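A closer look at the structure
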Amino acid sequence: MSFRRDPILIAMFEHVTEEQGAAYLDIIKRDSPDLLGEQFALYRRNDKWGSPITHEYPKIGRVSPVTLRYLKIISDLELLFGDLTGKRIVEIGVGYGGQARLVLARWRVQSYTLVDLEPVLDLARRYLNDPDIQRPLNYVPPSSVVQASYDLCISNYSFSELDRNVQSAYAGSLVSSADRGYLICNVISQVHGIESWSKSELGQMHPGAHWIPEEPLTFAGNEVLVWGDAR
Ligand SMILES: C[S@@+](CC[C@H](N)C(=O)[O-])C[C@H]1O[C@@H](n2cnc3c(N)ncnc32)[C@H](O)[C@@H]1O
């Protein structure tokens with residue numbers, strides 16, 4: 001299975017450059033150096049499947065820059081929200097499940113719910129079908145989304161790209177009721193002819209939501225919408 005070299009999947013999930021990988025690594029070293037210690041073996045397992053493109057990085061060897069992006073997000077989540085052990089997490093727009101794998105490697109959560117289109121969930125299901133990965137994992141296609149409470153909602157380069165009707169449905173059922181939120185938002189929908197919520201509409205989704213910079217900035221206008229954090 002070499003899905004991480006599939007041109008369509010590269011365009012959707014795997015388009016992180018070697019330089020961006022180095023920038024993610026610098027931030028992890030600065031903010032959460034422990035993640036690069038003994039635990040790092042757990043996170044680099046993300047590169048064991050799918051034949052990802054990897055690069056050589058100082059001290060840690062060959063790693064996919066996408067895996068470094070997922071690890072930098074683990075660092076952000078830890079700085080913002082502390083220990084996520086025992087939490088109920090929902091992720092909207094999961095790709096092949098790489099971010100889920102790293103969250104599940106970092107914390108023993110109560111549950112992890114993955115929301116995406118059915119064919120994408122099929123890939124994530126196969127990817128996360130690993131005895132080392134803790135359960136329960138819930139796979140939810142758009143047609144099965146129901147109102148539920150979560151401790152944390154994650155959505156990276158996904159919620160912000162959705163059609164406003166879908167955003168509105170997810171906001172009501174999954175996002176607004178989550179106690180904490182971490183959503184990397186981009187503003188590229190118009191390029192694809194999709195009408196999505198504006199930044200100001202996204203910002204009003206949850207009381208207390210505020211914007212923090214995307215670091216490193218991967219596209220002009222990107223920012224991270226956060227709420228429920230300790231800052
Ligand atoms: C740009 S990718 C980002 C994937 C992943 N979060 C990452 O950072 O690599 C956008 C994701 O949104 C998903 N998506 C598209 N329509 C969706 C919908 N209606 N509900 C949930 N996810 C959707 C895509 O299948 C894809 O996995």
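Scope of this entry: the structure provided in the associated data block. (Residues numbered from 1 in each chain as written. Predicted model: local features only at pLDDT ≥ 70, side-chain atom pairs only at ≥ 80, totals over all residues. Heavy atoms only, no water.)

1. Points about the pattern of salt bridges
We apply this condition: Every case where a carboxyl oxygen of Asp or Glu lies within 4 Å of a side-chain nitrogen of Lys or Arg is listed as a salt bridge.
Scanning all chains against the criterion turns up 14 salt bridges. Among the charged side chains, a salt-bridge network with shared partners connects Arg45, Arg101, Asp130 and Asp132.

2. Here's the deal with helix H6 (residues 118–127)
Residues spaced three or four apart along an α-helix face the same direction, because each turn holds 3.6 residues. For clarity, the threshold we go by: The classification of residues rests on relative accessible area computed with a 1.4 Å probe and restricted to protein chains. Under 20% of the type maximum is buried, over 50% is exposed, and intermediate values are partly exposed. Helical segments are the DSSP runs of H or I of at least four residues, strand segments are the runs of E of at least two, and each set is numbered from the N terminus. The arc under discussion is defined with respect to the helix axis, by the directions toward the C-beta atoms. We call two residues in contact whenever any of their non-hydrogen atoms come within 4.5 Å of each other.
Every buried residue of H6 is accounted for by Val120, Leu121, Leu123, Ala124 and Tyr127. For H6, the angular spread of buried residues about the axis comes to 155°, placing them on one side. Of the residues in H6, the exposed ones pointing more than 90 degrees away from the buried face are Pro119 and Arg126. On its buried side, H6 packs onto helix H1 (7–12), helix H5 (98–106), strand E4 (111–115) and strand E5 (137–140).

3. Quick word on the sheet that holds strand E8 (residues 210–213)
Heads up, the condition is: Two strands are counted as paired when DSSP detects at least two bridges linking them. Where helices are involved, their axes are fitted lines through C-alpha atoms of the stretch in contact, as for all axes, and angles between N-to-C directions lie from 0 to 180°.
Sheet architecture is open: 7 strands sit in the order E5-E4-E3-E6-E7-E9-E8, paired in mixed fashion. The open sheet has two edge strands, E5 and E8, and neither has a second partner. The mean angle between the axes of side-by-side strands here comes to 20°, regardless of whether they run parallel or antiparallel. Strand direction decides the pairing type here: strand E3 (residues 88–92) and E4, joined by 5 bridges, are parallel. Across the sheet, the residue bridging to Val90 is Thr113, located in E4.

4. Points about the packing of helix H2 (residues 18–31) against helix H4 (residues 65–81)
So the rule is basically this: To sort the angles, those under 35 degrees are grouped as roughly parallel, those over 145 as roughly antiparallel, those from 65 to 115 as roughly perpendicular, and the leftovers as oblique. Whether a crossing is left-handed or right-handed is set by the direction in which the near helix is turned from the far one by less than a right angle, anticlockwise for left-handed and clockwise for right-handed. Lys, Arg, Asp and Glu make up the charged group, whereas Ala, Val, Leu, Ile, Met, Phe, Trp, Tyr, Cys and Pro make up the nonpolar group; the residues left over, Gly among them, are polar.
At a closest axis distance of 9 Å, the pairing of H2 and H4 adopts a crossing angle of 30°. By the angle between their axes, H2 is roughly parallel relative to H4. Of the two elements, H2 crosses H4, and the hand of that crossing is left-handed. In contact with Gly21, Tyr24, Leu25, Ile27, Ile28 and Asp31 of H2, H4 contributes Pro65, Leu68, Arg69, Leu71, Lys72, Ser75 and Leu79. The residue inventory of the contact of H2 with H4, partitioned by class, reads 8 nonpolar, 2 polar and 3 charged.

5. Regarding the pairing of E3
Quick note on the threshold: Convention used here: a crossover is right-handed provided that the path from the first strand, over the helix, to the second strand proceeds clockwise when the strands point away from the viewer.
Within E3, 4 of the 5 residues are buried, which leaves it mostly tucked inside the rest of the structure. As a crossover connection, the stretch from E3 through H5 into E4 is right-handed. With 3 bridges joining them, E3 and strand E6 (residues 152–156) adopt parallel strand pairing. Pairing of Val90 across the sheet is with Cys153, part of E6.

6. As for the packing of H4 against H5
Between H4 and H5, the least distance of the axes is 9 Å, while the angle of their chain directions is 50°. In terms of their interaxial angle, H4 and H5 are classed as oblique. As H4 runs across H5, the sense of the crossing is right-handed. Mapping the contact onto sequence places Thr67, Tyr70, Leu71, Ile73, Ile74, Leu77 and Glu78 in H4 and Gly98, Gln99, Leu102, Val103 and Arg106 in H5. Class assignment of the residues belonging to the contact of H4 with H5 gives a composition of 7 nonpolar, 3 polar and 2 charged.

7. A few points about the site of the ligand
As a reminder, the rule being used: What makes a residue near a molecule or strand is one non-hydrogen atom of that residue sitting within 4 Å of it. Counted as a polar contact is a pair of N or O atoms within 3.5 Å, where, for protein atoms, one must be capable of donating a hydrogen and the other of accepting one, and residues adjacent in sequence contribute only when both atoms are in side chains.
In the vicinity of the ligand lie 19 residues, with Arg69, Gly93, Asp116, Asn156 and Tyr170 positioned nearest. A distance of 3.1 Å separates an oxygen atom of the ligand from a polar side-chain atom of Arg69. Contact distances for the ligand include 3.3 Å between an oxygen atom and a side-chain N or O atom of Tyr70. Listing elements by their share of the shell around the ligand, those giving two or more residues are H4 and helix H7 (164–175). For the shell around the ligand, the residue count by class is 12 nonpolar, 4 polar and 3 charged.

8. Some remarks on the side chain of Gln99
With respect to the helices, strands and loops of the structure, Gln99 is situated in helix H5. If we ignore the near neighbours within four places in the chain, the residues touching Gln99 are Tyr70, Ile73, Ile74, Glu91, Tyr112 and Asn156.

9. Notes on unusual backbone geometry
Here the amide bond leading from Glu215 into Pro216 is cis, since omega sits at -5°, within 30 degrees of zero. Within the fold, Pro216 resides in the loop between E8 and strand E9 (223–227). You will see that Ser51, though not glycine, has its phi angle at about 45°, which is positive. You can see Ser51 is positioned in the loop between helix H3 (40–44) and strand E1 (55–57). We classify Ser51 as partly exposed; its relative accessible area is 35%.

By themselves these figures say nothing about function.
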